[in-house]
Number of protein chains: 2
Amino acid sequence: MGLSKTEHFTGEQLELAEMAKALAHPARIAILQYLIWTNACVCGDIVDALPLAQSTVSQHLKELKKVGLLKGEIDGTSVCYCIDPIVWKKTEAVFSVFFAQLKNGCDDCC
Amino acid sequence: MGLSKTEHFTGEQLELAEMAKALAHPARIAILQYLIWTNACVCGDIVDALPLAQSTVSQHLKELKKVGLLKGEIDGTSVCYCIDPIVWKKTEAVFSVFFAQLKNGCDDCC
DNA sequence: GAATTGTATCGCAATATTACGATGATTGAT
DNA sequence: ATCAATCATCGTAATATTGCGATACAATTC
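Residues numbered from 1 in each chain as written. Chains lettered and ligands numbered in written order. Predicted model: local features only at pLDDT ≥ 70, side-chain atom pairs only at ≥ 80, totals over all residues. Heavy atoms only, no water.

> Please provide a residue-by-residue account of the overall build of chain A, values included.
When helices and strands are counted, chain A shows 5 helices and 2 strands. In chain A, the order of α-helices and β-strands from amino to carboxyl end is α-α-α-α-β-β-α. Relative to its 110 residues, chain A shows a buried fraction of 45%. Looking at chain A alone, contacts between residues at least 24 apart form 47% of all its contacts between residues at least 6 apart. (Helix = DSSP H or I, 4+ residues; strand = E, 2+ residues; numbered from the N terminus. Buried < 20%, exposed > 50% of the residue type's maximum accessible area, 1.4 Å probe, protein only. Contact = heavy atoms within 4.5 Å.)

> With reference to specific residues and values, describe the nonpolar core.
Ranked by size, the top nonpolar core spans 68 residues in total, and within it Leu-23 and Phe-95 of chain A together with Leu-23 and Phe-95 of chain B carry the most contacts. Other than its neighbours up to four places away in sequence, Phe-95 of chain A contacts Leu-16, Met-19, Ala-20 and Leu-23 of chain A together with Leu-23, Phe-95 and Phe-99 of chain B. (Core = buried A, V, L, I, M, F, W, Y, C linked by side-chain atoms within 4.5 Å.)

> Tell me about the side chain of Arg-28 of chain A, residues and numbers included.
All names here are of chain A. With respect to the helices and strands, the residue Arg-28 is situated in helix α2 (residues 26-37). You can call Arg-28 buried: its relative accessible area is 6%. If near-sequence neighbours (up to four positions away) are discounted, Arg-28 is found in contact with Lys-21, Ala-22, His-60, Glu-63 and Leu-64.

> Now, about helix α5 (residues 85-100) of chain B: what can you tell me, with residues and values included?
All names here are of chain B. Its 16 residues give α5 an end-to-end C-alpha distance of 22 Å, which sits within 8% of 22 Å, the value for a rise of 1.5 Å per residue. Every buried residue of α5 is listed here: Trp-88, Thr-91, Val-94, Phe-95, Phe-98 and Phe-99. Buried positions in α5, seen along its axis, are confined to an arc of 125° and lie on one side of it. Taking the backbone nitrogen of Ile-86 as reference, a side-chain oxygen 3.0 Å away marks Asp-84 as the first, capping residue of α5. (Expected span 1.5 Å × (residues − 1). Arc of directions from axis to C-beta. Polar contact = N/O pair within 3.5 Å; in protein donor to acceptor, adjacent residues only side chain to side chain.)

> Could you give an account of the side chain of Gln-101 of chain A, naming the residues involved and the relevant values?
Along the chain, the position of Gln-101 of chain A falls in the segment after α5 (85-100). Gln-101 of chain A gets classed as buried once you look at its relative accessible area, which sits at 11%. One polar contact links Gln-101 of chain A to Gln-33 of chain B, side chain to side chain, over a distance of 3.2 Å. Contacts of Gln-101 of chain A, omitting those with residues within four sequence positions, involve Glu-12 of chain A together with Gln-33, Ile-36 and Trp-37 of chain B.

> Pulling in residues and values, what's your account of the packing of helix α1 (residues 11-22) of chain A against α5 of chain A?
All names here are of chain A. At a minimum axis separation of 10 Å, α1 and α5 run at an interaxial angle of 120°. α5 is crossed by α1, and the crossing has left-handed handedness. Along the contact surface, α1 presents Glu-15, Leu-16, Met-19 and Ala-20, while α5 presents Lys-90, Thr-91, Val-94, Phe-95 and Phe-98. Broken down by class, the residue content of the contact of α1 with α5 amounts to 6 nonpolar, 1 polar and 2 charged. (Axes fitted to C-alpha atoms, helices over the stretch in contact; angles between N-to-C directions. Left-handed = near helix turned anticlockwise from the far one by under 90°. Nonpolar A, V, L, I, M, F, W, Y, C, P; charged D, E, K, R; others polar.)

> Quick rundown of the pattern of salt bridges? Include the residues and the values.
Residues and elements named next belong to chain A. What the rule picks out here adds up to 6 salt bridges over all chains. A salt bridge links Glu-63 to Arg-28, with the shortest nitrogen-to-oxygen separation between them at 3.5 Å. Of this pair, Glu-63 sits in helix α4 (residues 54-66) while Arg-28 sits in helix α2, and the two are 35 residues apart along the sequence. On the accessibility criterion, Glu-63 (29% relative accessible area) is partly exposed. Across the pair Lys-89 and Glu-92 runs a salt bridge, and its minimum N-O distance is 3.7 Å. Separated by 3 residues within a single helix, Lys-89 and Glu-92 lie in helix α5, roughly one turn from each other. Overall, Lys-89 belongs to the partly exposed group, its relative accessible area being 41%. (Salt bridge = Lys/Arg side-chain N within 4 Å of Asp/Glu carboxyl O.)

Below, the structure written as structure tokens:
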């Protein structure tokens, strides 16, 4: 049905899955990298840098904004989209903690 | 159209997005954590530990196997699913490198 | 105020994902 | 050989995602 029973999973699992979902598209990775590598964070520039229509890019920006990785401030006639370093670091930590959970491989069968 | 133009993105972006997609569901996170915390890696146990039908769990296992995070070896009448530590560490590194790209926030507007 | 520019939203179509029950296939036990 | 147990796959339905053009909205400019 496409619906995940969110009530059966832990908050940690839901949070990690949500952040992973936000990163689960190359265009969104590209957007984040573009914002990192340039300090010009205006939407128009992003559209020019991606092989996607303006409306599609706007949707991806919206999803990144939804999870907090981006914050957009209105700057006159355009919008300044920037990475939120706080959320970025927090996300980094969430992934880091998750990956650190594996000490070593399964040792009783493989 | 639901189709991403993969040819327009870098291999790094595609790889990261693919791994993120594999982690973009709480059930798959739960599966991985379950495999970490117990060393009993038989599919049946996983099904019992999740609020999902056996066929659904099998699909999630298949996706984790597709990206290499899991390897499944037939063990008599059941299947031993284990985390592949090599792929795990590699994925961890991919995310780590990605997150490390942000030195500090955008400094010219926010 | 009208035109321009930049971005968001709407509506639609195509595809992907998630989930389940039913069915297969394979192995071990009777 | 039959049966039970275990996991994979198929078929199907519901929902989500992706993408684009068209349009709406907001602010600046003329």
